[in-house]
2 protein chains.
Amino acid sequence: MKYGFADRVRYFDSSAVRDILKVVNKGDVISFAGGLPDEGLFPVDAVEKAFSKAIRSGNKALQYAETEGVMALRKQLAGRMSKKGIQRKAKDVLVTSGSQQAIDLFSRVMFNPGDVILTENPTYLAALQVFASYETQVIPVDSDVDGMIESDLEEKIKQHHPKCIYVVPTFSNPDGKVWSQARRDMLMKLAERYHVVIMEDDPYGDIQFDPASMPKSLAAMDTSNQYVVYTSTISKTVVPAMRIGWITGPHQIIRLIAQAKQAADLHTNSISQHALSHLLNDYDLDQHIETIRETYKGRMEIMKRRLDNANIEGLTYLEPKGGMFFWVTLPERYDPQALLEIAVAAGVAFVPGQPFYVGSKKRHTLRLNFTNATPDLIEEGMDRLVKVLKSV
Amino acid sequence: MKYGFADRVRYFDSSAVRDILKVVNKGDVISFAGGLPDEGLFPVDAVEKAFSKAIRSGNKALQYAETEGVMALRKQLAGRMSKKGIQRKAKDVLVTSGSQQAIDLFSRVMFNPGDVILTENPTYLAALQVFASYETQVIPVDSDVDGMIESDLEEKIKQHHPKCIYVVPTFSNPDGKVWSQARRDMLMKLAERYHVVIMEDDPYGDIQFDPASMPKSLAAMDTSNQYVVYTSTISKTVVPAMRIGWITGPHQIIRLIAQAKQAADLHTNSISQHALSHLLNDYDLDQHIETIRETYKGRMEIMKRRLDNANIEGLTYLEPKGGMFFWVTLPERYDPQALLEIAVAAGVAFVPGQPFYVGSKKRHTLRLNFTNATPDLIEEGMDRLVKVLKSV
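Predicted model, so just to flag it, every value in this text is computed and none were measured.

**Student:** Would you explain the overall build of chain A in this entry?
**Tutor:** Across its full length, chain A holds 13 helices and 15 strands. Summarising its shape, the C-alpha atoms of chain A cover approximately 60 × 60 × 55 Å along the three principal directions. The buried share of chain A, reckoned over its 392 residues, is 66%. Look at the contacts in chain A between residues 6 or more apart in sequence, and 74% of them connect residues 24 or more apart. A total accessible area of about 14200 Å² is found for chain A, and carbon and sulfur atoms account for 49% of it. Separation between the mean location of the 47 positive side-chain charges and that of the 48 negative ones in chain A comes to 4 Å.

The following block contains the structure:
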C-alpha cells in the first residue's frame, strides 16, 4: 500500500550524529563523536536511592500527574535558577522530557510554515531538525568568537522579521564558544527594540572550567520576563536516562506550551521527577558538578595538548571554556566526511562539521567530544586521529 | 509584549477532564471523573525492585539511548502482542512516552492541515485534542453498540477520502463498548478496499471481565501489516507514572515516527524502559492483570447495582465488558454541565459527555469511572449522585 504522509516529513532527517553513533558503537572504535557525558561519573548510588524513595513515597507518586510537572521539583528548579540570577516563578517553570522536548514544544506553539528563525552558524543540529520539521525558514547570522555580529543581526531582523532568535550562548554546541557580555547586551537590546523572542538553550551552562569569568545568562538579563525563553536539562550533570529538562519564560508562552504538552504526552515521567526532587534534597549536586568540571577540564587539556603537538599546518581550534566539545577547523585540503571513513577504519571517530551549518557551503570543520572517553583513551584516540590527518 | 503564535494554537484546548480533576482533587469529593487506575493495586515492591535492578545494571543504562526504544523491551512487547495474535517484528515496535505520544507522533507524520480523520462519536477526548492541534478535520461516523455502521462508514470514506480511521474498538473511552467481530471484519474490508490506514488505540484491552468472549484485535486481523497502526500502554496495568506506551504498524510509518520522535524528545525515559523489561522478566504481570480484572469487575458491579436501583425514569447505560467506565445517558431534562456543579457541591464528581463528541449538538451523557474509588466510596458516591439526580 502507498501511504499519504504529511508534507512535513519531507523535511525530516535522521540525525547525522546518531547515525554515526550507531556505526561507532560497534567494535574497537574510540569515539569523540557523541555528546555523551562520562558514564563513570554518574552518581549511581544517589540515583538509586532517589528512585527508591520516589517509588516508596506513596502510591500517588506512581499515578498520573500534572502536565506542567511535579510542583516540588518546579520550585527547586526555580530556586537553582535564582542562584544564577534567573528570577522566575515556579508556575512559569514547566518540566519537559529533556530539553529537546522544550525546543519542540516551543516550536509547536510559535511557528507557522515559512516563519523565520535566526540562528548562529554552526548551531545545535537537533534544533535545526526540529525547526525544519515545522517547515520554518532558518537564517544564519554572521558571528565571531564573541557571538553574533550586531550589524548583520540588525539587518536580518529588519529584513526578515524573525519570530525568534535561537542561541546557545554558553559553551555552544558544536563550537564551544561563550558569548561576551557586550554581545549579550547587544542581543537583548535588539530583541527589545524589535520585539523578537529569544530562545536561550543552555544545556552546558553548569560545566564551566572558570566560573569566575562567566557572563550573565540572557534569561537573567531579561528581568521583566518578556523576551527570553530559557531551557536547560540535568542530562549532562546527573544522568541523561532520566530525561528531565525544563523550560521557563513569559507566562503566556509557558501556558500554551502546557496545552501543547498535554496533547503531546500528558506529562513527563513523574517517577523521574520525584526522584530528581529527592536527589536535589538529599545529594550535594553542586559538589558533584564541581567534580564533573574538574574531570572534564582535565580531559579537555589532554586533548588540547595533543592538538597543539599534532603539528598540522593550518589546523586551528577554539579552546573550550566549558561544555563538552572541541571545534576544529582543518585546512581546505581535508574533506571531513571522507576523513571520517578513514578514521573509523583506523579506530577513532568524530563528527564532521557540515550538518551543524545552515546552507550547503562546503565546510572543513569537525567536532571532538572530550567528556566521554577516559584520559588513556583520549590519548590513544588522538594519536590515531593525528596519524590519519598526517596520512591524508 | 505581544507575541505572534503559530496558527495551530487557536485549536488548542485544555482538557475538560483535566480541568475538572483540578477542582475535584480539592476537598472531600468522591471522584468518578478521572480515568485513573486504583493506586492501591500498583505493584509497588515489584516496581521498586525493577528500577533498582535497572539502575544497577551498568552505567550504560543511565546513558543516552536509542530513539526507537530499548531492544530487550521491544522484543518483550512484540512477544506479548504475539500471544494476542498480533504478529509484529521487534524492529517495528517503537516505545513512546505513553500511548498519548503514539497518537501525537502518528499524527505528526500523517496529517496536513485539512486532512480528514473518521472517528466514532463519542471518542477519546485527548485524541480529538491532538487531531485538532494538527488542524485536521474530524468527521464522526454513525455507530451503534457493535461499532461503526457500514453504510455510513463507506459513504464517508467515498465522500471525504480520509487519511485515517481512528478507533478504540475494545472498551472504548468514553462509552466502554466492544466492537463485534462482524463490524471489525467490515472495517478491515473497507480499509483494504479504499486504502485507508486505521489507528487502533488499545489502552484498555487487557482489562477484560470475560476474556473468553473477546473478538480479535484489528492489528491481529491485519496479517500483512499494511493497514493497522496499533498503540497500547502499561499505564492501566502497571503504573501510569512510568510513561511507557508503544506503537507498531507498517515499517514505513514506524520509521518516520522514529525520525519524528528523535526531534520530539530523543528517546523515552530509558530507566523506565529497562525497569519495565526487568519487571516483565521477574514479575508475573499476567497474574497481576487477573487481579486487576477481578477487582475492577467487582467495582463495576457495585456501580451497576446502584444505577439499576436508582429508579430514575429514562436513565440508560451500557454494561461494561471491561475497561474503566460507565457511559450513562440521562433524560433530556438534565443538563450534565449544570449537574456537575451541583454534584461537586454534594461531594461527587463525574465527567459530562459533551467534550467527547465531535460537533456542538447538546448531549445528555456522562462518564463514570469505577476503577479509582474503593467499593465503600463507590457506594457513598453513587448515593450522593443519585440524590442529586433525584433532586434536580
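**Student:** Could you clarify how one ought to interpret the environment of Lys216(A) in this entry?
**Tutor:** Summarising the element assignment, Lys216(A) is placed in the loop between strand S8 (197-201) and helix H8 (218-221). The sequence separation of Lys216(A) and Lys84(A) amounts to 132 residues, and the corresponding C-alpha distance is 8.1 Å.

**Student:** What is the right way to look at the side chain of Thr371(B) in this model?
**Tutor:** Residue and element names in this part refer to chain B. Relative to the assigned elements, threonine 371 resides in the loop between strand S15 (365-369) and helix H13 (375-391). With a relative accessible area of 0%, threonine 371 lands in the buried category. At 3.0 Å, the side chain of threonine 371 forms a polar contact with the side chain of asparagine 369. Excluding residues that lie within four positions of it along the chain, threonine 371 makes contacts with Leu36, Pro37, Asp38, Tyr296, Arg299, Gly323 and Met324.

**Student:** Please explain the environment of Glu301(A) as it appears in this structure.
**Tutor:** Tracing the sequence through the fold places Glu301(A) in helix H11 (residues 285-309). Since its relative accessible area comes to 35%, Glu301(A) is described here as partly exposed.

**Student:** Please clarify how empty space enclosed by the protein should be interpreted in this entry.
**Tutor:** The gaps of empty space that remain are located by a probe, the size of a water molecule, rolled over the atoms. All names here are of chain A. Counted by the stated rule, this structure contains eight cavities of 30 Å³ or more. Of the pockets and cavities examined, the largest cavity occupies roughly 160 Å³. The wall of the largest cavity is formed by 16 residues, among which Arg80, Lys84, Asp206, Thr233 and Trp246 lie closest to the centre. For the lining of the largest cavity, the secondary-structure elements that each account for two or more residues are helix H3 (71-83), strand S9 (228-233) and H11. A breakdown of the residues in the lining of the largest cavity according to their chemical character gives eight nonpolar, four polar and four charged. In this model, the second largest cavity occupies a volume close to 80 Å³.

**Student:** Can you walk me through the sheet that holds strand S3 (residues 116-119) of chain A in this structure?
**Tutor:** Hydrogen bonds along the backbone pair up the strands of a sheet, which may run parallel or antiparallel. Residues and elements named next belong to chain A. Strand order in this open sheet of seven strands is S2-S10-S9-S8-S7-S3-S4, and the pairing throughout is mixed. Of all the strands in the sheet, just strand S2 (93-96) and strand S4 (137-140) have a single pairing partner and so form its edges. Strand-to-strand, the axes of this sheet are offset by a mean angle of 20°, without reference to chain direction. Across the sheet, helix H4 (residues 98-110) is in contact with S2, strand S7 (164-167), S8, S9 and strand S10 (245-248); its angle to S8 comes to roughly 165°. Running at roughly 145° to S8, helix H7 (residues 181-194) makes contact with S7, S8 and S9 of the sheet.

**Student:** Help me understand the nonpolar core in this model?
**Tutor:** A general feature of soluble globular proteins is that nonpolar side chains tend to end up buried together. Counting residues in each nonpolar core, the largest one holds 110 residues, and the members touching the most others are Leu153(A), Met242(A), Leu153(B) and Met242(B). When residues no more than four places from it in sequence are discounted, the contact partners of Leu153(A) are Leu118(A), Val141(A), Met148(A), Ile165(A), Met186(A), Leu187(A) and Leu190(A). Residues Tyr204(A), Ile207(A), Val351(A) and Ile378(A) belong to the second largest nonpolar core, which totals 48 residues.

**Student:** When you look at the relation of the copies chain A and chain B in this model, what are you seeing that I'm missing?
**Tutor:** Turning one copy of the chain about an axis and sliding it along that axis gives the other copy, so a rotation and a shift relate them. Structural alignment of chain A on chain B gives an RMSD of 0.0 Å, achieved by rotating through 180° and translating 0.0 Å along the axis. One copy is carried onto the other by what is essentially a two-fold rotation axis. Most of the interface of chain A is mirrored in chain B, where 100% of its interface residues are also at the interface.

**Student:** Looking at this structure, how should I read the interface of chain A and chain B?
**Tutor:** Often, the extent of an interface is quoted as the loss of accessible area upon association of its parts. Between chain A and chain B, the contact holds 84 residues from the first and 84 residues from the second. With both chains or domains summed, chain A and chain B bury close to 7300 Å², and 54% of this area falls on carbon and sulfur atoms. The interface formed by chain A and chain B includes eight salt bridges. With a closest N to O distance of 3.2 Å, Glu39(A) and Lys60(B) form a salt bridge. There are 49 residue pairs in polar contact (both at pLDDT 80 or more) connecting chain A and chain B. When its residues are assigned to classes, the side of chain A that touches chain B shows 37 nonpolar, 29 polar and 18 charged.

**Student:** Got a minute to help me understand the sheet that holds strand S3 (residues 116-119) of chain B in this structure?
**Tutor:** Residue and element names in this part refer to chain B. What the seven strands build is an open sheet, ordered S2-S10-S9-S8-S7-S3-S4; its pairing is mixed. Two strands lie at the open edges of the sheet, namely strand S2 (93-96) and strand S4 (137-140), each paired on one side alone. The mean angle between the axes of side-by-side strands here comes to 20°, regardless of whether they run parallel or antiparallel. Against the sheet, helix H9 (residues 251-265) touches S2, strand S8 (197-201), strand S9 (228-233) and strand S10 (245-248), its axis set at about 30° to S2.

**Student:** Honestly, the UniProt feature "domain: Aminotransferase class I/classII large" (unreviewed entry) in chain A in this entry has me stumped. Any pointers?
**Tutor:** Here the UniProt feature "domain: Aminotransferase class I/classII large" (unreviewed entry) sits at residues 33-385 of chain A. Across residues 33-385 of chain A, the secondary structure splits into 43% helix and 14% strand, with the terminal C-alpha atoms separated by 12 Å.

**Student:** Looking at this structure, how should I read helix H13 (residues 375-391) of chain A?
**Tutor:** Since one α-helical turn is 3.6 residues long, residues separated by three or four positions face the same way. All names here are of chain A. With 17 residues, H13 ought to run about 24 Å at 1.5 Å a step, and its terminal C-alpha atoms sit 24 Å apart, in line with that. Buried within H13 are the following residues: Ile378, Gly381, Met382, Arg384, Leu385, Val386, Val388 and Leu389. Turning to H13, the residues buried within the fold contact strand S1 (30-31), H11, helix H12 (336-345), strand S13 (348-349) and strand S15 (365-369).

**Student:** Explain the packing of aromatic side chains here, please?
**Tutor:** Within a pair of aromatic rings, the relevant descriptors are the distance that separates the centres and the angle that separates the planes. In this structure the tally under the stated criterion is 21 aromatic pairs over all chains. Measuring from centroid to centroid gives 5.9 Å for Phe106(B) and Phe111(B), while their planes differ by 90°, and the two rings are edge-to-face. What links up through ring pairs into an aromatic cluster is the set Phe106(A), Phe111(A), Phe131(A) and Tyr166(A). Looking at Arg363(A), its charged tip hangs above the ring of Tyr357(A), at a distance of 3.9 Å from the centre.

**Student:** Please explain H3(A) as it appears in this structure.
**Tutor:** Residue and element names in this part refer to chain A. Across its 13 residues, H3 extends 19 Å between first and last C-alpha, which sits within 8% of the 18 Å expected from 1.5 Å per residue. Burial in H3 covers these residues: Leu73, Arg74, Gln76, Leu77, Ala78 and Met81. Tucked into the core, H3 has its buried residues touching S2, S9, S10 and helix H10 (270-282). One or two residues past the end of H3 sits glycine 85, with phi positive at roughly 90°.

**Student:** Got a minute to help me understand the side chain of Lys156(A) in this structure?
**Tutor:** All names here are of chain A. Mapped onto the fold, lysine 156 is located in helix H6 (residues 150-160). The exposure class of lysine 156 is buried, given its relative accessible area of 15%. Within polar-contact distance, the side chain of lysine 156 engages the backbone oxygen of proline 140 at 3.0 Å.

**Student:** What is the right way to read the domain arrangement of chain A from this model?
**Tutor:** All names here are of chain A. Assigned domains within chain A: domain 1 (9-42 + 287-391) and domain 2 (46-282). Tallying the contact residues gives 32 residues for domain 1 and 34 residues for domain 2. Both faces combined, the contact of domain 1 with domain 2 buries some 2800 Å², and carbon together with sulfur accounts for 68% of it. Scanning the region where domain 1 abuts domain 2 turns up zero salt bridges. Broken down by secondary-structure element, the contributors of at least two residues to the side of domain 1 that touches domain 2 are helix H1 (16-24), H11 and strand S12 (325-329). Residue contributions to the side of domain 1 that touches domain 2 peak at seven residues, all from H11. A per-class count over the side of domain 1 that touches domain 2 returns 20 nonpolar, six polar and six charged.

Criteria and thresholds
- Residues numbered from 1 in each chain as written.
- Chains lettered and ligands numbered in written order.
- Predicted model: local features only at pLDDT ≥ 70, side-chain atom pairs only at ≥ 80, totals over all residues.
- Heavy atoms only, no water.
- Helix = DSSP H or I, 4+ residues; strand = E, 2+ residues; numbered from the N terminus.
- Buried < 20%, exposed > 50% of the residue type's maximum accessible area, 1.4 Å probe, protein only.
- Contact = heavy atoms within 4.5 Å.
- Areas by Shrake-Rupley, 256 points an atom, 1.4 Å probe, with all protein chains shown as cover.
- Lys, Arg positive; Asp, Glu negative; His and termini not counted.
- Charge placed at Lys NZ, Arg CZ, Asp CG, Glu CD.
- Polar contact = N/O pair within 3.5 Å; in protein donor to acceptor, adjacent residues only side chain to side chain.
- 1 Å grid on protein atoms, 1.4 Å probe; cavity = no way out; pocket = protein on both sides within 12 Å on 5 of 7 lines; lining within 4 Å.
- Points joined across faces, edges and corners; volume = space filled by probe spheres on them.
- Nonpolar A, V, L, I, M, F, W, Y, C, P; charged D, E, K, R; others polar.
- Pairing = 2+ DSSP bridges.
- Axes fitted to C-alpha atoms, helices over the stretch in contact; angles between N-to-C directions.
- Core = buried A, V, L, I, M, F, W, Y, C linked by side-chain atoms within 4.5 Å.
- Least-squares fit on C-alpha atoms with pLDDT ≥ 70 in both.
- Buried area = accessible area lost by both parts, 1.4 Å probe.
- Salt bridge = Lys/Arg side-chain N within 4 Å of Asp/Glu carboxyl O.
- UniProt positions renumbered as here; feature names shortened; annotations may be inferred.
- Expected span 1.5 Å × (residues − 1).
- Phe/Tyr/Trp six-rings, centres within 6.5 Å; stacked < 30°, edge-to-face > 60°.
- Lys NZ or Arg CZ within 6 Å of the ring centre and 35° of its normal.
- Domains from an automatic or database assignment.

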